[in-house]
Amino acid sequence: MSDNDNNTHTNSSSLANQVKLNLIHYNLWTDVKIYETLSSSSSSGIVSPILSGISPTTKETEWVVCKSLDKSDAQLSTQEIESWFVQIEKINVKWHAYQRPKKIIIAIVNDDSTVVYYNIHDGLVKPRQN
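Residues numbered from 1 in each chain as written. Predicted model: local features only at pLDDT ≥ 70, side-chain atom pairs only at ≥ 80, totals over all residues. Heavy atoms only, no water.

Focus: the nonpolar core
If you look at soluble globular proteins, the nonpolar side chains tend to sit buried side by side. Definition in use: In this description, a nonpolar core means a group of buried Ala, Val, Leu, Ile, Met, Phe, Trp, Tyr and Cys residues linked to one another through side-chain atoms lying within 4.5 Å. Buried means the residue's accessible area, taken with a 1.4 Å probe over protein chains only, is under 20% of the maximum for its type, while exposed means over 50%, and partly exposed covers the values in between. Secondary structure elements are taken from DSSP: a helix is a run of H or I of four residues or more, a strand is a run of E of two residues or more, and numbering for both begins at the N terminus. Pairs of residues are marked as contacts when any of their non-hydrogen atoms sit within 4.5 Å.
Within the largest apolar cluster, 13 residues are counted, with the highest numbers of intra-cluster contacts made by V19, L23, W29, L51 and V64. When residues in this core are grouped by element, the largest group, four residues, is from helix α1 (residues 3-26). Other than its neighbours up to four places away in sequence, L51 contacts A16, V19, K20, L23, V32, K33, I34, E62, W63, V64 and C66. Core analysis: the second largest hydrophobic core is formed by twelve residues, I50, W63, V65 and I104 among them.

Here's what the structure looks like:
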């Protein structure tokens with residue numbers, strides 16, 4: 001592993017741990033786990049940490065993908081989003097839960113440690129009525 005690979009892995013682990021702590025202590029999630037996978041659509045081979053945990057509002061397993069807001073990792077493509085759904089599906093198959101998630105959450109971390117969450121649905125979803 002080169003120094004650059006070590007830095008990418010360290011940054012990815014740090015990012016995942018930061019989001020994990022935010023989910024546990026601020027959002028009160030339980031059973032939070034980190035899965036590190038290689039982003040198949042990324043030409044630079046950026047590692048995209050994927051987390052799962054149980055949200056207190058839904059009481060179901062939710063999936064979170066971590067992204068940094070820094071300039072080298074700020075762009076997002078539909079191919080990368082699709083790869084997240086595929087990677088999560090592969091993780092589910094490993095645990096005998098043969099299901100593609102209907103929704104994932106992207107955690108965007110700013111350099112000031114702020115974490116913002118957005119829902120990304122697999123396909124079109126009718127908006128909620130207030």
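A closer look at unusual backbone geometry
Here the phi dihedral of L28 falls at roughly 65°; this positive angle occurs in a residue that is not glycine. Of note, L28 is situated in the loop between α1 and β1 (30-38). When its relative accessible area of 56% is taken as the criterion, L28 is described as exposed. Phi angles above zero are rare outside glycine, and S113 is one such case at about 75°. Positionally, S113 belongs in the loop between β4 (103-109) and β5 (115-121).

With respect to the pairing of β4
Defined as follows: A strand pair is defined by DSSP finding two or more bridges across the two strands.
The element β4 is largely enclosed, with a buried count of five among its seven residues. With five bridges connecting them, strand β3 (residues 61-68) and β4 associate as parallel partners. Its bridge partner lying in β4, S68 is registered against V109. Counting the residues that bridge the hairpin from β4 to β5 gives five residues, and of these S113 lies at a positive phi of roughly 75°.

With respect to the packing of aromatic side chains
Counted only if it meets this: Any two of the Phe, Tyr and Trp rings considered here, Trp counted by its six-membered ring, make a pair once their centres fall within 6.5 Å; the pair's planes then place it as stacked at under 30 degrees, edge-to-face at over 60, or tilted in between.
Scanning the model with the defined rule gives one aromatic pair in all. Centre to centre, the rings of Y35 and W63 are 5.7 Å apart; their planes meet at 40°, and the pair counts as tilted. Pair noted here: Y35 is in strand β1 and W63 is in strand β3, with a separation of 28 residues, a long-range link. When its relative accessible area of 18% is taken as the criterion, Y35 is described as buried. Given the relative accessible area of 8%, W63 is considered buried.

Let's talk about the pattern of salt bridges
Note the threshold: In what follows, salt bridge is the name for a side-chain nitrogen of Lys or Arg lying within 4 Å of a carboxyl oxygen of Asp or Glu.
For the structure on display, the rule yields six salt bridges. Linking E80 and K67 is a salt bridge whose minimum nitrogen-to-oxygen distance equals 3.0 Å. Separated by 13 residues along the polypeptide, E80 in helix α2 (residues 78-94) and K67 in strand β3 bring together distant segments of the chain. Side by side, E80 and K67 carry an identical accessibility label, which is buried. For the salt bridge of R100 with E89, the shortest nitrogen-to-oxygen distance reads 3.9 Å. Placement of R100 in the loop between α2 and β4 and of E89 in helix α2 is noted, with a sequence separation of eleven residues between them. For E89, a relative accessible area of 29% puts it in the partly exposed group. Ionic contacts of the salt-bridge type, sharing partners, join the residues E82, E89, R100 and D122 into one network.

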